[in-house]
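Listed below, chain by chain, are the residues.
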Amino acid sequence: MFAALLPKSAPFFEMLMEQNTMLRKAAEENIVLFSSDAEARYLCYKRIAEIENEADTLYRKIGRSLSSTFITPIDREDILRISQGQEECLDTLQSLAARLASYNMPEILFPAQKTVIIVKDMFELTTDMLQGLHKRRDAHKTRAFRTLREEADSLLAVGLAEVMDVSEQTPASLPLVLKWMQLYTGLENLLHQISELFEHIEEAVMKNV
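Notes on the structure in this doc start here. (Residues numbered from 1 in each chain as written. Predicted model: local features only at pLDDT ≥ 70, side-chain atom pairs only at ≥ 80, totals over all residues. Heavy atoms only, no water.)

**Description of the pattern of salt bridges**
Overall, the coordinates contain eight salt bridges when judged by the stated rule. With a shortest N-O distance of 2.8 Å, D78 and R81 are connected by a salt bridge. One end of the pair is D78 and the other is R81, both in helix 4 (residues 76-102) and three residues apart, which spans about a single turn. For D78, a relative accessible area of 1% translates into the label buried. Judged by relative accessible area, which is 28%, R81 ranks as partly exposed. Between D121 and K120 there is a salt bridge, and its shortest N-O distance comes to 3.5 Å. Owing to a relative accessible area of 18%, K120 belongs among the buried residues under this scheme. Among the charged side chains, a salt-bridge network with shared partners connects D75, D78, R81, E203 and K207. (Salt bridge = Lys/Arg side-chain N within 4 Å of Asp/Glu carboxyl O. Helix = DSSP H or I, 4+ residues; strand = E, 2+ residues; numbered from the N terminus. Buried < 20%, exposed > 50% of the residue type's maximum accessible area, 1.4 Å probe, protein only.)

In structure tokens form, the structure reads like this:
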């Protein structure tokens, strides 16, 4: 009877996993966006924007639950950092999608296409880690994540070198070069946000598993 009177924790892991699912859906839409023509890109952006709007609502719900819940399954600071990290990744994904959808790009370069696929793979690692954290089982993915990050960094370096190749540039091509530099900067920002999210989850795993 006494146990029934104790305050119950909100379903934080379930909410974090729901947020993570939205993140992976947005990443999948991002792959389609980076492999589509201009008309289809806008539709992908709209779907990403809708996902991000739903995620905003969930993020606020997690914050309210943290402020009104006494008992949490892991440190409330870890829950907040993971939730914020996932929200920031979604914001960056939406910003990148909006930028690409607004550009009239004749084609999408291979390094960018391959990088967004790696981004999805990175998010899948965060899913595995969150599931492991929930079940208190080994969920360390540091080596796999570093391998993906190194591959993505190499692709971006190659991509930037290609678009900045002076021998290939003409005055007419300069606007396109500037657009690609902005897109690659957006991808770099996204990789940075994912790395921070990974570190937040990894820290929680080290403390609890």
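**A short note on unusual backbone geometry**
Even without glycine at this site, R136 takes up a positive phi of about 60 degrees. Locating R136 in the fold gives a position in the loop between helix 5 (110-135) and helix 6 (142-163).

**Quick word on the environment of G159**
Residue position: G159 is located in helix 6. Assessed through its relative accessible area of 0%, G159 is described here as buried. Along the primary structure G159 and L191 are separated by 32 residues, whereas in three dimensions their C-alpha atoms are 15 Å apart. Once residues within four sequence positions are removed from consideration, G159 is found in contact with P111 and Y184. (Contact = heavy atoms within 4.5 Å.)

**A few points about the environment of Q113**
If you trace the backbone, Q113 turns up in helix 5. For the pair Q113 and G63, spaced 50 residues apart in sequence, the C-alpha to C-alpha distance is 35 Å. Residues in contact with Q113, not counting those within four places in the same chain, are F34, S35 and I108.

**Regarding the packing of helix 2 (residues 12-33) against helix 3 (residues 38-68)**
Where helix 2 meets helix 3, the axes come as close as 9 Å, and the angle between the chain directions of the two elements is 165 degrees. With respect to their mutual orientation, helix 2 and helix 3 come out roughly antiparallel. In this structure, the crossing between helix 2 and helix 3 has a hand that is left-handed. Here the contact of helix 2 with helix 3 is built from residues that sort into 16 nonpolar, three polar and seven charged. (Axes fitted to C-alpha atoms, helices over the stretch in contact; angles between N-to-C directions. Parallel < 35°, antiparallel > 145°, perpendicular 65-115°, else oblique. Left-handed = near helix turned anticlockwise from the far one by under 90°. Nonpolar A, V, L, I, M, F, W, Y, C, P; charged D, E, K, R; others polar.)

**A short note on the nonpolar core**
By size, the foremost hydrophobic cluster in this structure holds 62 residues, and its most contacted members are F34, I82, F123, W180, Y184 and I194. Mapped by element, the contributors of at least two residues to this core are helix 2, helix 3, helix 4, helix 5, helix 6 and helix 7 (174-208). Tallying contributions element by element places helix 7 first for this core, with twelve residues. Discounting chain neighbours no more than four positions away, the residues touching Y184 are L109, P111, A112, L156, G159, L160 and V163. (Core = buried A, V, L, I, M, F, W, Y, C linked by side-chain atoms within 4.5 Å.)

**Details of the state of the cysteines**
Scanning the entire structure with this criterion turns up zero disulfides. Here C89 stays free of any disulfide, with the sulfur of C44 as its closest cysteine sulfur at 19 Å. (Disulfide = S-S within 2.5 Å.)

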